[in-house]
Amino acid sequence: MRYLPLTDQDRRAMLATIGAPSVDALFADVPAAARRDGLVDLPLAAGELQVERRIAAMAAKNLAAGSVPFFCGGGAYRHHVPAAVDHLIQRGEFLTSYTPYQPELAQGTLQSLFEFQTQVALLTGMEVANASLYDGATACAEAVAMARRVTRRGHAIMSGGLHPHYRAVCETYGGFADGRLTALPPRPVAEDLAARIDADTACVIVQNPDFFGELRDYSALAETCHAKGALLVVIVTEIISLGAVTPPGEMGADIVAAEGQSLGNALNFGGPYVGLFATRDRYVRQMPGRLAGQTVDADGRRGWVLTLSTREQHIRREKATSNICTNAGLCALAFTIHLSLLGEAGLTGLARLNHEAAVATAERLETVPGVDLVTGHFFNEFTVRLLRPAAPVVERLAGRGILAGVPVSRFCSGLDDLLLVAATETTTDDDIEHLAQGLTEALR
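The rules we used
- Residues numbered from 1 in each chain as written.
- Predicted model: local features only at pLDDT ≥ 70, side-chain atom pairs only at ≥ 80, totals over all residues.
- Heavy atoms only, no water.
- Buried < 20%, exposed > 50% of the residue type's maximum accessible area, 1.4 Å probe, protein only.
- Helix = DSSP H or I, 4+ residues; strand = E, 2+ residues; numbered from the N terminus.
- Pairing = 2+ DSSP bridges.
- Core = buried A, V, L, I, M, F, W, Y, C linked by side-chain atoms within 4.5 Å.
- Contact = heavy atoms within 4.5 Å.
- Axes fitted to C-alpha atoms, helices over the stretch in contact; angles between N-to-C directions.
- Arc of directions from axis to C-beta.
- Phe/Tyr/Trp six-rings, centres within 6.5 Å; stacked < 30°, edge-to-face > 60°.
- Polar contact = N/O pair within 3.5 Å; in protein donor to acceptor, adjacent residues only side chain to side chain.
- Expected span 1.5 Å × (residues − 1).
- Salt bridge = Lys/Arg side-chain N within 4 Å of Asp/Glu carboxyl O.

*Asks:* Provide a residue-level description of the pairing of strand β7 (residues 275–279), including the pertinent values.
*Replies:* In terms of burial, β7 is a largely internal element, five of the five residues being buried. The two faces of β7 match: G275, F277 and T279 on one face and L276 and A278 on the other face are all buried. The pairing of strand β6 (residues 255–259) with β7 spans five bridges and is classified as antiparallel. Paired with E259 across the strands is G275, a residue of β7.

The structure is reproduced here in structure tokens:
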């Protein structure tokens, strides 16, 4: 067979050579509870046509974001992506390129990464950015690891306003590293993070706008962190907000980790997305991932190279700055093209449209009996409290062709009556009215 070339006789010969009695014996170190007994619960082999039909039937059960009024957010947002973006990234030299280890063969890729880094640094108000990471959550975990290297401390404090998925990724990474994590409970309230900083605190991780949509000024927290020898890490899940909101760098952030999906990248059922990472120049040697730098060749012509990072450093295990040894290049290119098409004026205009749509949505929902606005200051996403649990309400509205938002209970237990509502430039007045009427009937 094409993909299973070994016969039973081949396997017996191989096992005899290494002295193992069976294939199962090779996995003796794997706990019994982690082993699967029997086949995976999937249909058995079928022909290509049958598989296509089966998958098409499954896909038909989905309610596509662009087909109905759509108010889902929670870290991934529906925006209009210009057709030029997809057209350009599908050029063969971009679509099939891998990693730019040989600069003499990869000047185009390296230049696009350099432009991407420049855009991210400008957006975040930081001095240097890397050539992208997998997504915002892994960028957040890398920021914690970097802060520990920089400060040589082990304690990381995570705000309750940090996206629960980002917190979970940090906890997963942290399970294999020294140090401790303090995670405040997720609640849409103000927190006294400064009081929790101790002599072992490497960093405080906050999000702006936070998971519940609240906008905050972290300038005072940054000053407290610095006075106590800790770093401030700011997470941004909605990058378009930086077209209107004070960037983290101006608030005193030391590291910014963000999700860049909103620019150039559609929702795509959860990925692939693109992680953004920026920091201060003095910390550049501790920054994870890759850095594309500008230089000149022997003839004085401008060129680009990977700098301060070689392939070998990514296989040095605990001595490496990161074990992420590639980057989300195609998604980063889509980000760069979209932002280049917008320009500065276009980005600020897009941010304004997003905020206006969210304000209009919030004002209309406040007139619905049984709906109370929780978030005080927001960009394009906010939290409302419903008269009854949000999850059944959302399911009921989905049955009517309205995707009303994301119940907070899907992320955090004990917050059953909270609903995250996001509005973008794709939201119309009719969409808002459909949502308001749907909620009115569902809560009656």
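*Asks:* So what about the nonpolar core? Which residues, and what values?
*Replies:* Counting residues in each nonpolar core, the largest one holds 41 residues, and the members touching the most others are V204, V206, L221, L232, I239, L276 and F335. When contributions to this core are tallied by element, the ones reaching two or more residues are α5 (107–124), β4 (201–207), α8 (219–227), β5 (231–236), β6, β7 and α10 (329–365). Here this core gets seven residues from one element, more than from any other, and that element is α10. With 28 residues, the next largest nonpolar core counts A139, Y166, Y283 and L291 among its residues.

*Asks:* Any details on the sheet that holds strand β10 (residues 371–373)? Residues and values, ideally.
*Replies:* With antiparallel pairing, four strands are arranged side by side in an open sheet as β10-β11-β13-β12. Of all the strands in the sheet, just β10 and β12 (406–407) have a single pairing partner and so form its edges. With five bridges joining them, strand β11 (residues 381–386) and strand β13 (residues 418–422) adopt antiparallel strand pairing. Each residue of the ladder has a partner; that of R385, found in β13, is L418. Seen against the sheet, α10 touches β10, β11 and β13 and runs at an angle of roughly 10° to β11.

*Asks:* Account for helix α7 (residues 164–174), naming residues and giving values.
*Replies:* Every buried residue of α7 is listed here: P164, Y166, R167, C170 and G174. Looking straight down α7, one finds that the buried residues subtend no more than 160° of arc, so they occupy a single side. Considering only its buried residues, α7 is in contact with α6 (136–151), β2 (155–158), β3 (180–183), β5 and β6.

*Asks:* Which residues make up the sheet that holds β5, and what values go with them?
*Replies:* As summarised here, the arrangement of the seven strands in space is β1-β7-β6-β5-β4-β2-β3, forming an open sheet in which the pairing is mixed. Only two strands of the sheet have a single partner each, and these edge strands are β1 (128–129) and β3. One ladder, built from four bridges, connects β2 with β3; its direction is parallel. Among the inter-strand pairings, A156 is bridged to a residue of β3, identified as L181. Each of β2, β3, β4, β5, β6 and β7 touches α6; the most contacted strand, β6, lies at about 170° to it. Along the sheet, α8 makes contact with β4 and β5, crossing β5 at roughly 145°.

*Asks:* Quick one: what's the story with unusual backbone geometry, residue by residue and with numbers?
*Replies:* With omega at -10°, the peptide bond leading from N208 into P209 counts as cis. With respect to the secondary-structure elements, P209 resides in the loop between β4 and α8. For the bond running from G271 to P272, omega is 5°, close enough to zero to count as cis. Mapped onto the elements of the fold, P272 is located in the loop between β6 and β7.

*Asks:* So what about the packing of aromatic side chains? Which residues, and what values?
*Replies:* A full pass over the atoms with the stated rule returns five aromatic pairs. With 6.5 Å between their ring centres and 55° between their planes, F114 and W304 make a pair best called tilted. With F114 in helix α5 and W304 in strand β9 (residues 302–306), this pair connects stretches of sequence that are 190 residues apart. Taken together through their ring pairs, the aromatic side chains of F211, F212 and F411 make up a single cluster.

*Asks:* Before we move on, could you go through the side chain of N208 and cite the residues and values that matter?
*Replies:* Topologically, N208 is positioned in the loop between β4 and α8. What makes N208 buried here is its relative accessible area of 5%. Polar side-chain contacts of N208 include one of 2.8 Å to the backbone nitrogen of R216. Dropping the residues within four chain positions of it, N208 is found in contact with E214, L215, R216, Y218, V234, I235, V236, V245 and M251.

*Asks:* Any details on helix α12 (residues 429–443)? Residues and values, ideally.
*Replies:* Here α12 is 15 residues long and its end C-alpha atoms lie 21 Å apart, about the 21 Å a rise of 1.5 Å per residue gives. Regarding α12, the residues found buried are D431, I432, L435, A436, G438, L439, A442 and L443. Angular distribution of buried residues about the axis of α12 spans 165°; they occupy a single face of the element. Away from its buried face, by an angle of more than 90 degrees, α12 presents the exposed residues D429 and D430. The secondary structure elements touched by the buried residues of α12 are α10, β10, β11, α11 (390–399) and β13.

*Asks:* So what's going on with the pattern of salt bridges? Residues and values would help.
*Replies:* A complete count under the given rule lists 10 salt bridges for this structure. Between E395 and R410 there is a salt bridge, with its nearest N and O atoms 3.1 Å apart. Highlighted residues: E395 in helix α11 and R410 in the loop between β12 and β13, separated in sequence by 15 residues. Owing to a relative accessible area of 52%, R410 belongs among the exposed residues under this scheme. Note that E441 is salt-bridged to R400, the shortest N-O span being 2.8 Å. Placement of the pair is E441 in helix α12 and R400 in the loop between α11 and β12, with a sequence separation of 41 residues.

So yeah, pure geometry; function would need other evidence.
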